[in-house]
Amino acid sequence: MSAQPTKQPKQPKVSEREARQVAEAAREQDWRKPSFAKELFLGRLRMDLIHPHPMPPPEDAARGEAFLDKLRVFCEEKIDGAQIERDAKIPDEVINGLKELGALGMKIDIKYGGLGLTQVYYNKALALVGSANPAIGALLSAHQSIGVPQPLKLFGTQEQKDAFLPRLARTDISAFLLTEPDVGSDPARLATTAVPDGDSYVMDGVKLWTTNGVVADLLVVMARVPKSEGHKGGITAFVVEADAPGITVENRNAFMGLRGLENGVTRFHQVRVPAANRIGPEGAGLKIALTTLNTGRLSLPAMCVGAGKWCLKIAREWSSVREQWGKPVAYHEAVGSKISFIAATTFALEAVLDLCSQMADEDRNDIRIEAALAKLYGSEMACLMADELVQIRGGRGFETADSLAARGERAVPAEQMLRDLRINRIFEGSTEIMHLLIAREAVDAHLKVAGDIIDPDKPLSAKAKAGANAAGFYAKWLPKLVTGPGQLPGSYTEFHPPGHPDLSTHLRYAERTARKLARSTFYAMSRWQGRMETKQGFLGRIVDIGAELFAMSAACVRAELLRTTTDHGREAYQLADVFCRQSRIRTEELFNRLWTNTDDLDHKVVKGVLAGTYTWLEQGIVDPSGEGPWIAEAAPGPSQRENVHRPIR
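Note that the structure is a prediction, hence the values are computed from the model and not measured.

*Asks:* Would you take a moment to explain the overall build of the protein for this structure?
*Replies:* Within the protein one finds 23 helices and 10 strands. In summary, the protein has a C-alpha radius of gyration of 25 Å against a globular reference of 26 Å for 649 residues, a match within 12%. When burial is assessed residue by residue, the protein has 54% of its 649 residues classed as buried. Expressed as a percentage of contacts within the protein between residues at least 6 apart in sequence, the contacts between residues at least 24 apart total 77%. Total accessible area computed for the protein in this model is approximately 29,600 Å², and 56% of it derives from carbon and sulfur atoms.

*Asks:* Would you mind going over a nonpolar patch on the surface with me for this structure?
*Replies:* Judged by side-chain polarity, Val605, Val606, Val609 and Leu610 come together as a nonpolar surface patch covering roughly 380 Å² of accessible area. The residue Val609 is located in helix H23 (residues 599-611) in this model. Taking relative accessible area as the criterion, Val609 reaches 45% and is therefore assigned partly exposed.

*Asks:* Where do I start with H23 in this structure?
*Replies:* Residues spaced three or four apart along an α-helix face the same direction, because each turn holds 3.6 residues. Relative to the 18 Å expected for 13 residues at 1.5 Å per residue, H23 spans 19 Å between its end C-alpha atoms, a close match to the ideal helical length. The element H23 is largely exposed, with a buried count of one among its 13 residues. Among the residues trailing H23, Gly612 stands out with phi positive, at a value near 85°.

*Asks:* For this particular structure, what's the right way to read the pairing of strand E5 (residues 234-241)?
*Replies:* It is a general feature of regular strands that their side chains alternate between the two faces of the sheet. Most of E5 is tucked away: six of the eight residues are buried. Direction of pairing for strand E4 (residues 218-225) relative to E5: antiparallel, over a ladder of eight bridges. Bridge pairing links Val225 to Gly234 in E5.

*Asks:* Help me out: how do you make sense of unusual backbone geometry in this one?
*Replies:* A negative phi angle characterises most non-glycine residues, just as the trans form characterises most peptide bonds. Here His51 and Pro52 are connected by a cis peptide whose omega angle stands at 0°. Relative to the helices and strands, Pro52 resides in the loop between helix H2 (36-41) and helix H3 (58-78). The phi torsion at Gln270 lies on the positive side, around 55°, for a residue other than glycine. As for its position among the elements, Gln270 is in strand E7 (residues 263-274). For Gln270, a relative accessible area of 49% puts it in the partly exposed group.

*Asks:* I'm lost on helix H5 (residues 92-101) in this one. Help?
*Replies:* Among the residues of H5, Val94, Ile95, Asn96, Gly97, Leu98 and Lys99 are the ones counted as buried. Where H5 is buried, its residues touch H3, helix H7 (134-146) and helix H9 (158-170). The first or second residue beyond H5 is Gly102, which carries a positive phi of 90°.

*Asks:* Where do I start with the pattern of salt bridges in this structure?
*Replies:* Oppositely charged side chains can form a pair if their charged atoms are brought close together. The full count for this structure, using the stated rule, is 42 salt bridges. Residue Arg46 is joined to Asp48 by a salt bridge in which the shortest nitrogen-to-oxygen separation is 2.8 Å. Looking at Arg46, the relative accessible area reads 28%, which means it is partly exposed. Here Arg440 and Asp444 are joined by a salt bridge, their closest N and O atoms 3.1 Å apart. Using a relative accessible area of 2% as the deciding quantity, one classes Asp444 as buried. Through salt bridges with shared partners, one network takes in Lys124, Lys309, Glu350, Asp354 and Arg558.

*Asks:* Got a minute to help me understand the confidence of the model for the protein in this structure?
*Replies:* One rule of thumb: low pLDDT means the predicted coordinates there are not for detailed reading. In the predicted model, the protein carries a mean pLDDT of 93, and 96% of its residues have values of at least 70. This stretch, residues 1-9, has a pLDDT under 50; its non-local contacts, to residues over four places away or in other chains, come to 16 contacts.

*Asks:* I would appreciate a short explanation of the packing of aromatic side chains in the present structure.
*Replies:* Between two aromatic rings, the relevant description is the distance of the centres plus the angle of the planes. Counted according to the given criterion, the structure contains 11 aromatic pairs. Between Trp477 and Phe522, the aromatic rings sit 6.2 Å apart at their centres with planes inclined by 70°, giving edge-to-face as the arrangement. Of this pair, Trp477 sits in helix H19 (residues 460-477) while Phe522 sits in helix H20 (residues 504-528), placing them 45 residues apart in sequence. Given a relative accessible area of 18%, Phe522 falls into the buried group. Grouped by ring-pair contacts, the aromatic residues Phe473, Tyr474, Trp477, Phe522 and Tyr523 constitute a single cluster.

*Asks:* Got a minute to help me understand the packing of H20 against helix H21 (residues 536-565) in this structure?
*Replies:* Packed helices, taken two at a time, are described by the angle their axes make and the gap between the axes. As a packed pair, H20 and H21 sit with axes 10 Å apart at the nearest point and diverge in direction by 165°. Here H20 lies roughly antiparallel to H21, going by the angle between them. Between H20 and H21 lies a crossing of left-handed hand. Taken together, the residues of H21 that come into contact with H20 (itself represented by His506, Leu507, Tyr509, Ala510, Thr513, Ala514, Leu517, Ser520, Thr521, Ala524 and Trp528) are Phe538, Ile542, Ile545, Gly546, Leu549, Met552, Ser553 and Cys556. For the contact of H20 with H21, the residue count by class is 13 nonpolar, six polar and no charged.

*Asks:* Would you explain the side chain of Arg297 in this entry?
*Replies:* Mapped onto the secondary structure, Arg297 falls in the loop between helix H10 (285-296) and helix H11 (299-321). Buried charge Arg297 goes without a salt bridge, the closest partner of opposite sign being Glu428 at 5.7 Å. Within the structure, the side chain of Arg297 is placed 3.2 Å from the backbone oxygen of Glu428, a separation counted as a polar contact. Ignoring any residue separated from it by four or fewer positions in sequence, one finds Arg297 in contact with Ala371, Ala372, Lys375, Glu428, Met434 and Leu437.

*Asks:* Before we go on, may I ask you to explain the packing of helix H6 (residues 119-132) against H11 in this structure?
*Replies:* One can describe the packing of H6 onto H11 by two numbers: an axis separation of 8 Å at closest approach and a directional angle of 50°. Comparing their axes, H11 and H6 come out oblique. Relative to H11, H6 is oriented so that their crossing is right-handed. Taken together, the residues of H11 that come into contact with H6 (itself represented by Asn123, Leu126 and Ala127) are Ser299, Ala302, Met303 and Gly306. For the contact of H6 with H11, the per-class residue count stands at four nonpolar, three polar and no charged.

*Asks:* Can you walk me through the environment of Arg649 in this structure?
*Replies:* The topology assignment puts Arg649 in the segment after H23. A residue is classified by how much of its surface remains accessible, and Arg649, at 63% relative accessible area, is exposed. In this structure the C-alpha to C-alpha distance between Arg649 and Glu76, which are 573 residues apart in sequence, comes to 23 Å. Among all residues touching Arg649, those that are not within four sequence positions of it are Asn96, Lys99, Thr171, Asp172 and Asp217.

*Asks:* Looking at this structure, how should I read the environment of Asn133?
*Replies:* Tracing the backbone shows Asn133 in the loop between H6 and H7. Its relative accessible area of 3% is what places Asn133 among the buried residues. In the structure, Asn133 is positioned 321 residues away from Ile454 in sequence and 49 Å away in space, judged by C-alpha atoms. Setting aside residues no more than four positions away along its own chain, Asn133 makes contact with Ile79, Gly81, Ile84 and Gln416.

Cut-offs used in this document
- Residues numbered from 1 in each chain as written.
- Predicted model: local features only at pLDDT ≥ 70, side-chain atom pairs only at ≥ 80, totals over all residues.
- Heavy atoms only, no water.
- Helix = DSSP H or I, 4+ residues; strand = E, 2+ residues; numbered from the N terminus.
- Rg over C-alpha atoms; globule rule 2.2 N^0.38 Å.
- Buried < 20%, exposed > 50% of the residue type's maximum accessible area, 1.4 Å probe, protein only.
- Contact = heavy atoms within 4.5 Å.
- Areas by Shrake-Rupley, 256 points an atom, 1.4 Å probe, with all protein chains shown as cover.
- Patch = residues over 30% accessible without salt bridge, like charges linked within 9 Å, V, L, I, M, F, W, Y side chains within 5 Å.
- Salt bridge = Lys/Arg side-chain N within 4 Å of Asp/Glu carboxyl O.
- Expected span 1.5 Å × (residues − 1).
- Pairing = 2+ DSSP bridges.
- pLDDT = per-residue confidence, 0-100.
- Phe/Tyr/Trp six-rings, centres within 6.5 Å; stacked < 30°, edge-to-face > 60°.
- Axes fitted to C-alpha atoms, helices over the stretch in contact; angles between N-to-C directions.
- Parallel < 35°, antiparallel > 145°, perpendicular 65-115°, else oblique.
- Left-handed = near helix turned anticlockwise from the far one by under 90°.
- Nonpolar A, V, L, I, M, F, W, Y, C, P; charged D, E, K, R; others polar.
- Lys, Arg positive; Asp, Glu negative; His and termini not counted.
- Polar contact = N/O pair within 3.5 Å; in protein donor to acceptor, adjacent residues only side chain to side chain.

Here it is, written out as structure tokens:
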């Protein structure tokens, strides 16, 4: 019996153009610092921005390594990942142990009671604890990367920092509340309100998928302030006490992976929030959120790197002892190619992560595109690596760790890893949204000089001025895309030391391909102009090519760093060489699909599907889905449900 239509919650009426304007206003408009990835999309391989590889100061490295040693002991002795998976809960004693260790304050300054770790060592810590159990990694990441500490660090007043950061460094867990039942990647439709009332705001609304929300002590909440006399209004960020009257955690959500995740639905009814708890000015909420995510997104690729390392370890150990047809399965090409992919990709992901993290620490470069690429590439490739591990393990890969142990075999949670990683393609910006976000930044230079030409709201005078500016820009820029160092055999020779694989050939390829990528973008803008933003398939492939080129560049730079600083230089060069060869194949396939694809046909099929043209194809099944609306009712009002909020003490 099919579900009956249900009245959906009322949301602000927002046109497509208005939604874009809200997103555009939240962007950082200026580029005050250089960006390797921005230059890459413009056809310039600025190796000087990433090579020699930046390094942390010795004192930062010593402090970071000392904490990692303590954290490793804790993970080995106190964390039982199998128990967390069975109970779907992180034991309170584990969380309290992490508090005592200082893990809540890894990114908080020492003067507020935190550990003051660099981004590099914070990410290494997340990779380590995430390998013990990804739900713990998610808890720590949501608390520090996007929760209250980071927005306060960037935008908070000194009074706010003094009041909240000491708590957040040692005892209090935080959560970030933006998403609503009918609002995901389109924040222009945000329905939660914060109405000014004297020296406070009165908050009403419902927030969905509040990671850490079930156990949080402090919340950073995005709410819409109505425009009124003396109030600019707009989406605004607030620090809210999680136990404030009127707040109800109505549900603890359950997922296919990350079973220990304390993620819920939180309702606000007439919640009074002091004006002193507002972060930044009214209307700055989305800008605060996006700026926070510029480096906050690096936490996800950190845990993806940890997952890749574990996949490699299990693939190596299993494939060396499992024999078929007279030899270990690793030596059969069908399996060996998967192991090579896991090893090379793990090397490249760590190269991208460490490079981005160190650049974030040095703050010399604008890494908004690099961090987004790291999140996009890391989440996609980690899922592929976990899937390949399941395939290498065969039936044992599909079997749960508990089942393996019950019949006397090693409890390897390969299927759990696949389930746990899957959310990373959705967390903190889905792959599809990341494609659009990065594409917007990638074409920023073009829109700055030619945007008014394709803007229907601009007068003819503005279009004429933009045309003149564009002509000047492209007259200088386009000739630079014809030739470059990538066509000179002697370029990048420092990446071809004696006795090592030749990485200079890959950097020459990256330089040539960056120019080809920029030319392709220009051709597309010339062809589609104002319709360019609708060509999401094309834009996604442009971004994916950029991600491959960035990963290739980072892998080469890391290999050279390891050659000059460790005993693993030759092996690092081998891994970088293999990765770049694999990456080049993927890149060429993406270029082929830029212009040869089924995008237009796909659109026609989609229109037919939604019109019911193919409902005959759905016959012959039963639908096991339950009754109920597609999107839950989220109208403001008092809660009718039990409060499942449970702060951990």
